[in-house]
Each structure stands twice: as structure tokens, then as C-alpha cells.
Amino acid sequence: MANSIKFPTMLTNVLDSRHERCAQMVSDVCNLVTNYSSIAKRVNLLLLLGLFTLVANAEESLKESPFSASLELSTKYMWRGIEYGTAPTVFPMIGYNTHGFNAFAMGGYAIDGSHQEVDLGVSYTASEFTVGVSDYYYPSSVGEKDQYFKLSNRETGHWVEAYATWAGTKVPLWVTVSTYIFGADKNTDGKQMYSSYAEVGYTHSFTEDNNIALCVGANLNKGFYTNNQSGFNVVNINAKYSTAFKFGNFKLPVSASYVLNPYNNKSYFTMSLYFGL
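Residues numbered from 1 in each chain as written. Predicted model: local features only at pLDDT ≥ 70, side-chain atom pairs only at ≥ 80, totals over all residues. Heavy atoms only, no water.

## Notes on the sheet that holds strand 9 (residues 173–183)
Thinking step 1. Spatially, 1-4-5-6-7-8-9-10-11-12-13-14 is the arrangement adopted by the twelve strands of the closed barrel, whose pairing is antiparallel. Going across the sheet, the axis of each strand differs from the next one's by a mean of 20°, ignoring polarity.
Thinking step 2. For strand 13 (residues 250–261) and strand 14 (residues 266–276), the ladder comprises eight bridges, and the chain directions are antiparallel. Across the sheet, Tyr 258 pairs through a bridge with Phe 269, a residue of strand 14. (Pairing = 2+ DSSP bridges. Helix = DSSP H or I, 4+ residues; strand = E, 2+ residues; numbered from the N terminus. Axes fitted to C-alpha atoms, helices over the stretch in contact; angles between N-to-C directions.)

Structure (C-alpha cells):
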């Protein structure tokens, strides 16, 4: 009987002890799960913060990239009052700009093949002043004798120009003076003409995406702009209106220009679309 009395008590104690241990184990597991969940949340939070930081840095890097690319589509190619064919023309360009230094490569291609152009240039800007050198090359005018690396001044198809520009920051005016200093800018006798051009212009902004620019340009000596026939003449009067078509968050810059060349007694109207990266 004694044993029969003690057995249930011992079993109860054992069960109670096991129950307590199970309860403790369950409690430990719950605490572990809770702690793990807390740790996991912290890890996930850190991962998300890290991801957002990477994305933000990537976007900032893209915004601060010194490289650019653009494409212009124009109804015809006009430059400084001179018409380069009547066909629509595309102008792809890539550029690099940092700390006032700028370098670019640009092409000009008429859709009917009548005009081809490859331009390279470097410039430096300090405050309101810019100085630079540009190289213009026209494969379409060189024709079968097209040899890009033929750089002898007597035979080259390159036109190398040096220029200086002042662009006001407080007053929306600009003044540009340029001269061809090397290359194909020659008369029929092979004499270097040093054709020079000067331009003064004014820009008025109506809103952020709407502005008009007016300029007057003249050749300064007998040279390229007057077919080597005449000295100082106004060769370019230009009125250009720029705006942007909006499609949701996307903006498509456009411009329309009226160009008058008093020396040639010609007038032109052009429109352009601009795409940029």
C-alpha cells in the first residue's frame, strides 16, 4: 500500500517537473523566435537602408556624370546664316564636361546623303568667358579624296577654328568672335583666308521652358562667309523661339528659327527637336 500511495505522487512530481521543463523550453523557443524575429527585422531594415543608399548614390552619380549625349533633328541645316542643303538633318553628339573643361564630338547627316559632317572641339570656361578650338570636317565635300588623317595644311579637308565667347550672367547677352586658323579655309589661289565672324545676341526667358533668342552676326573680313568676295557684311540675323512639349513627366524640347542673310538676300525658316541623356 505504501508503494501504491507513493507512486502517484512521484508520477505527479515527475509530470510536474517535465511540464515545467516543457514550459521553460516553450518559453525559450518563443524568446528565441522573438529575438530572431527582432534580429531579422533589424537585418532586413539594414539591408533596405543599404539598398536605398545604393540607389540614391547611383542616381546621384548619374546626375553628376560628366558625360552627356544628345540628338537633334532639324528640318534643314542652317549655321551662321549659311544654308547647308535643304534636306532634314540629324545631329548626334556626345560630350564631356568637368570643372569648366568641355570636349565634344558631333556629327551632321542629311537624310538624303547630301551633307556629312564630323566635328570635334575642346573649350574652357571661367566665369563668363569661354575660349575654345573646334575642328569641322566635311566628308561629303571632300568626296573621293576623303582622308580624315590628311592633315597637311595645303591639302587637308579640316577647318580649324579658334573662338572666344562672353556670356553675361547678370545681363542675358552674349558676344562671340571666331577665326579659322588652319585648314581648308583658302581662296582659289590656295591663300589662307582667316575668315572671321562676330556675333552678338540676347536671350529673354518667359518661363523655365519658354525663351526667345535674337542675334546678329557679321563676317569681319573677306572670307568664307561672303565667298571670299567681300569684307565686312551682316550675314546672319536670327530669331529663335524655344519651348518644350510635355507628355506627363516627359519633356520634348523644340525650337523654331527665322534666319535672314542680308548679304545673300535670303531668308529661311527651320524647326528642330532635341533628345538628350
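## Points about the pattern of salt bridges
Thinking step 1. According to the stated counting rule, one finds four salt bridges in the structure shown.
Thinking step 2. A cluster of three or more residues bridged by salt bridges with shared partners is formed by Asp 209, Lys 246 and Lys 251. (Salt bridge = Lys/Arg side-chain N within 4 Å of Asp/Glu carboxyl O.)

## Section: the pairing of strand 10 (residues 196–207)
Thinking step 1. Bridge count for strand 9 against strand 10 is seven bridges, and the pairing is antiparallel. Bridged to Val 175 within strand 10 is Val 200.
Thinking step 2. Sheet topology places strand 10 next to strand 11 (residues 210–219); ten bridges connect them, and they run antiparallel. Following the sheet pairing, Thr 207 is matched in strand 11 by Asn 210.
Thinking step 3. Connecting strand 10 to the antiparallel partner strand 11 that follows it, the hairpin turn spans two residues.

## Observations concerning the packing of aromatic side chains
Thinking step 1. A complete count under the given rule lists 14 aromatic pairs for this structure.
Thinking step 2. When the centroid spacing of 5.0 Å and the interplanar angle of 80° are considered together, the rings of Tyr 137 and Tyr 148 count as edge-to-face. Pair noted here: Tyr 137 is in strand 7 (residues 129–137) and Tyr 148 is in the loop between helix 2 (139–142) and strand 8 (158–167), with a separation of eleven residues, a long-range link.
Thinking step 3. Given the relative accessible area of 2%, Tyr 137 is considered buried.
Thinking step 4. Each member of the aromatic cluster is reached from another via a ring pair, and the members are Trp 79, Tyr 136, Trp 159, Tyr 180, Tyr 197, Phe 224 and Tyr 225. (Phe/Tyr/Trp six-rings, centres within 6.5 Å; stacked < 30°, edge-to-face > 60°. Buried < 20%, exposed > 50% of the residue type's maximum accessible area, 1.4 Å probe, protein only.)

## Notes on the pairing of strand 11
Thinking step 1. Where strand 11 and strand 12 (residues 233–247) come together, nine bridges link them in antiparallel fashion. Residue Cys 215 lies in a different strand from strand 12, and its bridge partner there is Asn 238.

## Notes on the environment of Ser 114
Thinking step 1. Relative to the assigned elements, Ser 114 resides in the loop between strand 5 (101–110) and strand 6 (116–126).
Thinking step 2. For Ser 114, a relative accessible area of 42% corresponds to the partly exposed category.
Thinking step 3. Placed 28 residues apart in sequence, Ser 114 and Thr 86 show a C-alpha to C-alpha distance of 8.9 Å.
Thinking step 4. A polar contact of 2.7 Å, which involves the side chain of Ser 114, links it to the side chain of Asp 112. (Polar contact = N/O pair within 3.5 Å; in protein donor to acceptor, adjacent residues only side chain to side chain.)

## Some thoughts on the confidence of the model for the chain
Thinking step 1. Considering every residue of the chain, the mean pLDDT works out to 83; 75% of them sit at 70 or more.
Thinking step 2. Helix 1 (residues 2–63) is the least confidently modelled element of the chain, averaging 46 in pLDDT, while strand 11 averages 98, the highest of any element.
Thinking step 3. Counted against residues more than four places away or in other chains, residues 43–49, with its pLDDT under 50, gives zero contacts.
Thinking step 4. The low-confidence segment residues 51–56 (pLDDT under 50) makes zero contacts with residues lying over four places distant or belonging to another chain. (pLDDT = per-residue confidence, 0-100. Contact = heavy atoms within 4.5 Å.)

## Regarding unusual backbone geometry
Thinking step 1. One non-glycine residue with positive phi stands out, namely His 99, at about 50°.
Thinking step 2. Relative to the helices and strands, His 99 is located in the loop between strand 4 (89–98) and strand 5.
Thinking step 3. A positive phi angle, close to 60°, is found at Ser 127, a residue other than glycine.
Thinking step 4. With respect to the element layout, Ser 127 can be found in the loop between strand 6 and strand 7.

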